[in-house]
Amino acid sequence: MECLEKPIWNNKTWEAVKSLKIQSPSPVVYRQIVRNWDSIAKPLDGMGYFETLTAQIGAIQGTEQIDISKRAVIIMCADNGIVEEGISQTGQEVTFTVMKNMAIQQSSVGKMAKAIGVDTIPVDIGVNCEEQVPGVLQRKIRMGTRNFNIEPAMTEEETAQAIFTGIEIVSACKEKGYKILATGEMGIGNTTTSSAMTVAFLDCDVAEVTGRGAGLSDEKLIHKQQIVKEAIDKYDLRKGDAFQILRTVGGLDLAGLVGVCIGGALYHVPVVLDGVISLAAALAAEQMVPGVKAYLIPSHKGKEPAVEKLLNRLGFTPVIHGAMALGEGTGAVMMFSLLDMALCIYGDGVTFSDMKIEQYERFQ
C-alpha cells in the first residue's frame, strides 16, 4: 500500500488498517529549513516552536518552499448513543442543528475559517437524522453509535469503514491541491467517548481525565465519570488495543478523525489537531499505524483534563494556551493564523547577509 495516488480500498478492515506503512518526513528538508531560519536576522530560535513546526511542515511537504495557502478544516459530525445515559446537558438533536449551521459557515469554526480564508468540510459520518443537508459531505455509516453502556459503540466493520472514510477524504483533498488540513468535530457526547478512550489508552484514573464537557453540574460530572468507569471495567479496556478501544467506547466522529490523521501521513499532508477529541483520535492513529504523529501539528492546550495527558503521551507542545473548550476545530483554525505570521518571516525575512552583519553561530 505504498503507492496511494489513486487508491482503491477493496478491503476496509482492521487488518487493512494494520498493513498501512508510513514513510517518515524528509530529515534533509527539515535540517535545511532550520538552517534557513538561522540565516534570518534574529536571535537563534527567536521564533521558538514556530521554527521547528514550520520545519516539520516543510519536511512533510518535501520542500523548503513551505506552502499552506490552500487549507481546510475537516469536521466529522456524528451522534453518540451514550447520550442516552444523561452524560450531556443537551440531546442529540443539537448535533444536527450545529451541523446545519456549519454547512453555511455560521457556526463558530465557520466564522473563524471564513475570516482567514480556510475552507470548511463538514462531514455527516453518523448523525442521527435522515435529512441530507446541502453543503455537508454525505458519508453516513449509521445513524449514531450504540450506547456503549449496553453494547460496543460500533462493529469492527463500521469502525474500519469510518477510518477509511477519513483516509479517503484526505486523498480527495490532496488531489484538489490542499496543502494543510485541520481536524474538527461535532457530536454531543464526544467528550465522554474521548475521555473513555483516554482512560483505556493511558491506564489512568477516570476522574483525572473526565471533565465537564459543555458544562455539567457536580452531580452530572460524577455520573459521567461513573459511566466511563463502568464501561472500562465491563470491557476490560485497559488491556485492549487501539482498535478495540475505539470501536467499543469511541464514536464515528473519532474514527473518522483517526482516518484523517492516518491519511495525512499516507499522503504527506500536515494535519493540525484541535482539542481533546482530535488528540484522542491522534493517539489512536499513532498506536494503530506507528509513524503517523510525525505528520500531526498540535495547536492548543484546551481545558478538558485529558488534554495535557494526551499531549504528553504524544510528545506534543501546543503554542496556544487559551483554556479553550469550544471544539469544532476552532483551535486548529486559529493555529493557521499563527503559522501564516511565522511563515511571512520565514519566506520574506531579512537575512544577516542582507544586513551585512555576521550571523549568529550555534555552539550546541
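Computed from a predicted model, the values in this text were never measured in an experiment.

Participant: Which residues make up unusual backbone geometry, and what values do they have?
Facilitator: At Asp-203, a position not held by glycine, the phi torsion is positive, near 50°. Positionally, Asp-203 belongs in the loop between helix H7 (190–202) and helix H8 (206–209). The phi dihedral of Lys-356 falls on the positive side, at around 55°, and the residue is not glycine. Mapping Lys-356 onto the fold places it in the segment after helix H15 (352–355).

Participant: Can you break down the packing of helix H2 (residues 27–39) against helix H3 (residues 49–61) residue by residue, with the values?
Facilitator: Running from N to C, H2 and H3 point in directions that differ by 140°, and their axes come no closer than 8 Å. The orientation of H2 with respect to H3, classified from their angle, is oblique. Crossing handedness for the pair H2 and H3: right-handed. Counting all contacts with H2, which are made through Val-29, Tyr-30, Ile-33, Val-34, Trp-37 and Asp-38, the residues of H3 involved are Phe-50, Glu-51, Thr-52, Thr-54, Ala-55, Gln-56, Gly-58 and Ala-59. Counted by class, the contact of H2 with H3 contains eight nonpolar, four polar and two charged residues.

Participant: Can you break down the packing of aromatic side chains residue by residue, with the values?
Facilitator: To describe a pair of aromatic rings, you give the distance between the ring centres and the angle between the ring planes. Within this structure, the stated rule accounts for two aromatic pairs. Taking 4.6 Å as the distance between ring centres and 10° as the angle between the ring planes, the aromatic pair formed by Trp-14 and Phe-243 counts as stacked. Of the two residues, Trp-14 is situated in helix H1 (residues 14–18) and Phe-243 in helix H10 (residues 242–249); the sequence distance between them amounts to 229 residues. A residue is classified by how much of its surface remains accessible, and Trp-14, at 16% relative accessible area, is buried. Residue Phe-243 is classed as buried on the basis of its relative accessible area of 3%. A ring pair is formed by Trp-37 and Tyr-346, whose centres lie 5.4 Å apart and whose planes are at 45°; its orientation type is tilted. Residue Trp-37 is located in helix H2, and its partner Tyr-346 is located in helix H14 (residues 330–348); the two are separated by 309 residues in the primary sequence. Both residues of the pair, Trp-37 and Tyr-346, belong to the buried class. A cation sits over an aromatic face here: Lys-70 above Tyr-178, 4.7 Å from the ring centre. A cation over a ring is seen here: Arg-71 above Phe-336, with NZ or CZ 5.4 Å from the ring centre.

Participant: Break down the sheet that holds strand S5 (residues 271–272) for me, with residues and values.
Facilitator: Pairing within the open sheet is parallel, and its six strands lie in the order S3-S2-S1-S4-S5-S6. Unpaired on one side and paired on the other, strand S3 (137–138) and strand S6 (296–297) mark the two borders of the sheet. Where strand S2 (residues 119–126) meets S3, two bridges bridge the pair, whose relative direction is parallel. Its bridge partner lying in S3, Asp-124 is registered against Gln-138. Helix H4 (residues 93–103) contacts strand S1 (71–78), S2 and strand S4 (180–186) of the sheet and is inclined by roughly 145° relative to S4.

Participant: Got a sec to walk through the nonpolar core? Specific residues and values, please.
Facilitator: In terms of nonpolar packing, the biggest core is built from 124 residues, with Ile-74, Ile-163, Leu-246, Val-258, Ile-262, Met-288 and Val-292 touching the most fellow members. Here this core takes 11 residues from helix H11 (residues 252–267), the largest share from any one element. Residues within four places of Val-258 in sequence aside, it is in contact with Ile-163, Leu-246, Ala-281, Ala-284, Ala-285 and Met-288.

Participant: Help me get a handle on the environment of Arg-313, residues and values and all.
Facilitator: Relative to the assigned elements, Arg-313 resides in helix H13 (residues 306–314). For the pair Arg-313 and Phe-201, spaced 112 residues apart in sequence, the C-alpha to C-alpha distance is 9.6 Å. Beyond its immediate sequence surroundings of up to four residues, Arg-313 is in contact with Phe-201, Leu-202, Leu-283 and Gln-287.

About the cut-offs
- Residues numbered from 1 in each chain as written.
- Predicted model: local features only at pLDDT ≥ 70, side-chain atom pairs only at ≥ 80, totals over all residues.
- Heavy atoms only, no water.
- Helix = DSSP H or I, 4+ residues; strand = E, 2+ residues; numbered from the N terminus.
- Axes fitted to C-alpha atoms, helices over the stretch in contact; angles between N-to-C directions.
- Parallel < 35°, antiparallel > 145°, perpendicular 65-115°, else oblique.
- Left-handed = near helix turned anticlockwise from the far one by under 90°.
- Contact = heavy atoms within 4.5 Å.
- Nonpolar A, V, L, I, M, F, W, Y, C, P; charged D, E, K, R; others polar.
- Phe/Tyr/Trp six-rings, centres within 6.5 Å; stacked < 30°, edge-to-face > 60°.
- Buried < 20%, exposed > 50% of the residue type's maximum accessible area, 1.4 Å probe, protein only.
- Lys NZ or Arg CZ within 6 Å of the ring centre and 35° of its normal.
- Pairing = 2+ DSSP bridges.
- Core = buried A, V, L, I, M, F, W, Y, C linked by side-chain atoms within 4.5 Å.

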